[in-house]
Each structure stands twice: as structure tokens, then as C-alpha cells.
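Below, each chain spelled out in residue letters.
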Amino acid sequence: MLRVGQKIDRFTIDAILGEGGMAVVYKVHHTTLGTIHAMKLLKYGDEDVQRRLVAEGQMQAALKSPNILAVSDVLAHEDMPCLLMEFIEGPSLEDWLSKHVVSVSEALAIFRGVLAGVACAHRAGLIHRDLKPGNVLLAPVAGMVVPKVADFGLAKVMGSSAGATRSATGLGTPHFMAPEQIRNAKHVDQRADIFSLGCILYHLVCGTRPFNQKHDVDVYGAICSATYVDPAVIQPDLPVPIVNAIRGCLVVDAAARIASCEALFNVLYPGEQNVFAAPPVQMGPAVSTQAKATGRPVMELVAAETRMPGQPAAAKFAPPGGPVLPKPGVDGSAQGKFVPRDIALPGGKDKAGRAPADDAPTVQPLLAVGLAGVAVAGLVLLVLLAVIVGL
């Protein structure tokens with residue numbers, strides 16, 4: 001670990017920004033110019049790991065887009081390579097989402113920047129393979145923010161099996177990986193990134209991940225069967241293009257999935273023309289103080305606060321046991337999994353007109369219990385008054 005004030009080549013260490021399993025990222029400044037940068041330095045690694053870090057820098061430096069984190073140099077410290085990168089003052093999208101309620105307009109604007117960065121990478125023949133909110137940084141620019149896609153450490157060149165791969169092993173972050181990437185990360189194409197983009201968009205507009213199971217094996221099972229709560233169920237007022245875009249991305253069969261960033265752009269932003277152009281985002285001040293204090297996702301808080309008495313707490317939107325129904329795809333065809341059953345309402349039917357399940361919570365038993373409690377309390381009060389009068 002480098003200490004504050006230590007010099008590496010022409011740069012001086014100012015602070016530690018973050019640490020992962022293989023590398024540490026430092027905030028540094030140029031000793032002569034005073035410019036601020038981020039420096040990613042390997043903690044250890046064999047020749048293959050070092051070669052992959054240099055390849056990451058080469059790939060990222062070749063991508064010229066305001067929506068991709070810039071890499072400007074490769075340095076060395078004690079025979080370990082390090083990347084000199086653009087320093088971003090703002091948080092990651094993951095951190096920002098944990099503290100904010102996102103409006104639809106904000107979600108669309110943020111996602112447009114992410115999509116522009118990924119489209120640039122795909123145009124250059126690169127597949128990211130680890131797209132997630134934690135790898136999107138929000139750079140403040142003149143009172144607004146510019147989303148920047150970062151960390152191309154798992155990227156591969158299209159049509160090649162070379163790069164940071166382990167045969168038959170899924171590389172990436174489980175909750176955002178495409179089914180084919182779980183099976184074999186070597187042989188994926190740009191459609192694996194499209195699946196991950198659908199997960200990010202879902203997280204933006206629904207406040208939780210589509211595949212949010214606790215254990216990786218359960219996450220993999222849900223992804224490979226497209227078992228998730230439809231976004232229109234969590235947010236009934238979502239615009240149709242957003243719902244269709246998510247459904248079109250989260251398809252198990254890559255051949256039936258939205259095929260490219262351009263196609264996704266056309267579904268999500270009808271009438272717009274340039275997938276590579278994304279204006280800065282004007283972020284609203286809608287901060288959820290409860291979410292900030294507890295660290296819980298906003299939509300989970302809403303679900304916990306609005307459930308009816310007798311209904312178990314939502315397990316981060318794990319789908320309840322409802323009937324398996326098709327949901328429309330991008331072209332209106334059935335391709336999804338299920339629509340959860342609504343909570344049963346007084347009168348014996350739910351919002352969709354279905355008869356309630358045997359264990360569905362209803363209001364009548366709760367009302368009976370409440371009236372009985374009032375009666376007992378009244379009787380106790382009368383006894384106490386009689387004792388007082390007797391005294």
C-alpha cells in the first residue's frame with residue numbers, strides 16, 4: 001500500500017479512493033502541473049494479470065467518448081503496471097441510487113449516457129462484460145453530471161476468445177450477467193452487454209435489481225429462467241417504451257433479445273437519432289433521507305411501508321407465488337415469465353378480478369379482531385370505575 005505523499009514517476013499520492021481484490025485506486029496529482037488524476041495500481045499479480053491491466057488501459061484509452069472514463073497513460077511501480085485515469089469527483093451510480101429517488105426523466109437521461117458509452121465501445125469492437133451501476137461514475141460538469149462507463153478489465157474483442165476469461169466460467173457481477181455469460185464468458189457478443197444494460201435500466205426505474213436473490217446460485221437460476229417481477233407491476237405508470245426496453249433486454253435467448261445499442265436506443269428513445277450523443281444530466285434534489293439513513297433501496301422501503309397487515313415483508317421484490325402468465329415482448333409477443341398476484345381486496349377478488357388465494361390477507365378478520373379488542377377494553381374500564389366508586 002502506498003502512503004500519502006509518496007511519489008510515483010511524475011505523480012504524488014494524495015489519497016486512497018478504493019481497493020479491490022487485485023488493485024488499489026489512488027487520487028494523485030502531477031508534481032509539476034498540479035493536475036488531478038486517478039491511478040489504478042496492482043497489489044500483486046503474475047505476468048498474465050499484469051498483461052491484462054495493460055490491455056485494459058490500451059482498450060479504454062482507444063475509446064473516445066465523453067461517456068467513457070478516459071485512460072491517459074500506463075506507468076510502473078516496482079515492476080507493477082498502473083493506469084493513469086481521469087479523476088471523477090462524483091459518486092458511482094450505485095452509490096447515488098442508494099440515496100436518491102429517481103424520476104423517470106432522470107432515469108432516461110442517466111441511462112442515455114450509459115448507453116452512449118457502451119455504444120462507443122461496441123462500435124470499436126469491444127464488449128464490456130461487467131456493466132453495473134458500480135462501474136458507472138457520475139462526473140459533475142457545470143452543475144450537471146455526465147455518466148461515464150468505467151472498468152474495462154473484463155472487456156474482450158468481438159469475435160475473439162482472448163482476454164480475461166476462464167473457460168466455462170462466468171465472469172462479471174452475478175446480478176447483472178447475461179445467461180450465456182454465466183455458461184461461458186469466452187463466447188459472448190455484444191448482446192451480453194445488452195442484457196446487463198436492461199438490468200441497469202430496471203434498477204434505475206424500479207429501485208431494485210431484477211435478480212436480487214441472496215445467494216449467487218439462486219441469482220443464476222433466476223437469470224437463466226428470466227424469473228423477475230415485471231417492471232410494470234412494480235411501477236404501473238412507467239412509460240411503455242421503458243417497459244418494452246427492459247422486457248426486450250432481459251430475454252434468455254440472445255437471438256430473441258434486443259440485438260444492439262442502436263436497436264435499444266430506438267425502442268427507448270423513439271424519434272431520437274444519435275445513440276452516441278448524450279447531453280449532461282440535470283439531477284434533481286429528491287433525496288430519500290430514510291434510504292440514506294438505513295442504506296435500504298428506496299423501493300424496498302416503499303414496499304415495506306405500504307404492505308397490508310398480515311402480509312409478509314417483501315424480500316426485495318422476490319415474486320410471490322402467483323399464476324404463470326405471459327407478458328408481452330418488444331413486438332407484443334409473449335416471452336416472459338409471470339405477473340405476480342395482487343393483494344386480495346375486500347369482496348373476494350383481487351384487482352384483476354381473480355379469486356384470492358387461501359392465504360391472501362383480507363380486511364374482515366382484522367376488523368373483527370379490532371372490535372373485540374375495543375369491547376374488552378371497555379369492560380375493563382367499567383370494572384375499574386366500579387371499584388373506585390366502591391371505595
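For the structure, see preceding data.
Residues numbered from 1 in each chain as written. Predicted model: local features only at pLDDT ≥ 70, side-chain atom pairs only at ≥ 80, totals over all residues. Heavy atoms only, no water.

### Section: the overall build of the protein chain
Counting its secondary structure elements, the protein chain contains 12 helices and 10 strands. Evaluated residue by residue, the protein chain yields a buried proportion of 42% over its 391 residues. When contacts within the protein chain are restricted to residue pairs at least 6 apart in sequence, long-range pairs at least 24 apart make up 59% of them. When the accessible surface of the protein chain is totalled, it reaches about 18,900 Å², and 59% of it is carbon and sulfur. (Helix = DSSP H or I, 4+ residues; strand = E, 2+ residues; numbered from the N terminus. Buried < 20%, exposed > 50% of the residue type's maximum accessible area, 1.4 Å probe, protein only. Contact = heavy atoms within 4.5 Å. Areas by Shrake-Rupley, 256 points an atom, 1.4 Å probe, with all protein chains shown as cover.)

### Regarding the nonpolar core
Residues L93, F111, L115, L197 and F211 are the most contacted members of the largest nonpolar core, which totals 64 residues. Of all the elements in the fold, those that place two or more residues in this core are helix 2 (93-97), helix 3 (104-123), strand 8 (136-141), strand 9 (144-149), helix 5 (190-206), helix 6 (216-224), helix 8 (240-249) and helix 9 (261-268). Looking at which element gives the most residues to this core, the answer is helix 5, with 11 residues. Counting 26 residues, the second-largest nonpolar core is a separate cluster that includes L2, A38, M85 and A150. (Core = buried A, V, L, I, M, F, W, Y, C linked by side-chain atoms within 4.5 Å.)

### Re helix 8
Of all 10 residues in helix 8, eight are buried, a share of seventy percent or more. When we look at burial in helix 8, the residues that qualify are I242, V243, N244, A245, I246, R247, G248 and C249. Those residues of helix 8 that are buried are in contact with helix 3, helix 5, helix 7 (231-234) and helix 9.

### Concerning the pairing of strand 5 (residues 71-77)
Both strand 5 and strand 6 (residues 80-86) contribute to a ladder of six bridges, which runs antiparallel. When the sheet's bridge partners are listed, H77 is paired in strand 6 with M80. Connecting strand 5 to the antiparallel partner strand 6 that follows it, the hairpin turn spans two residues, and E78 within it adopts a positive phi of roughly 50°. (Pairing = 2+ DSSP bridges.)

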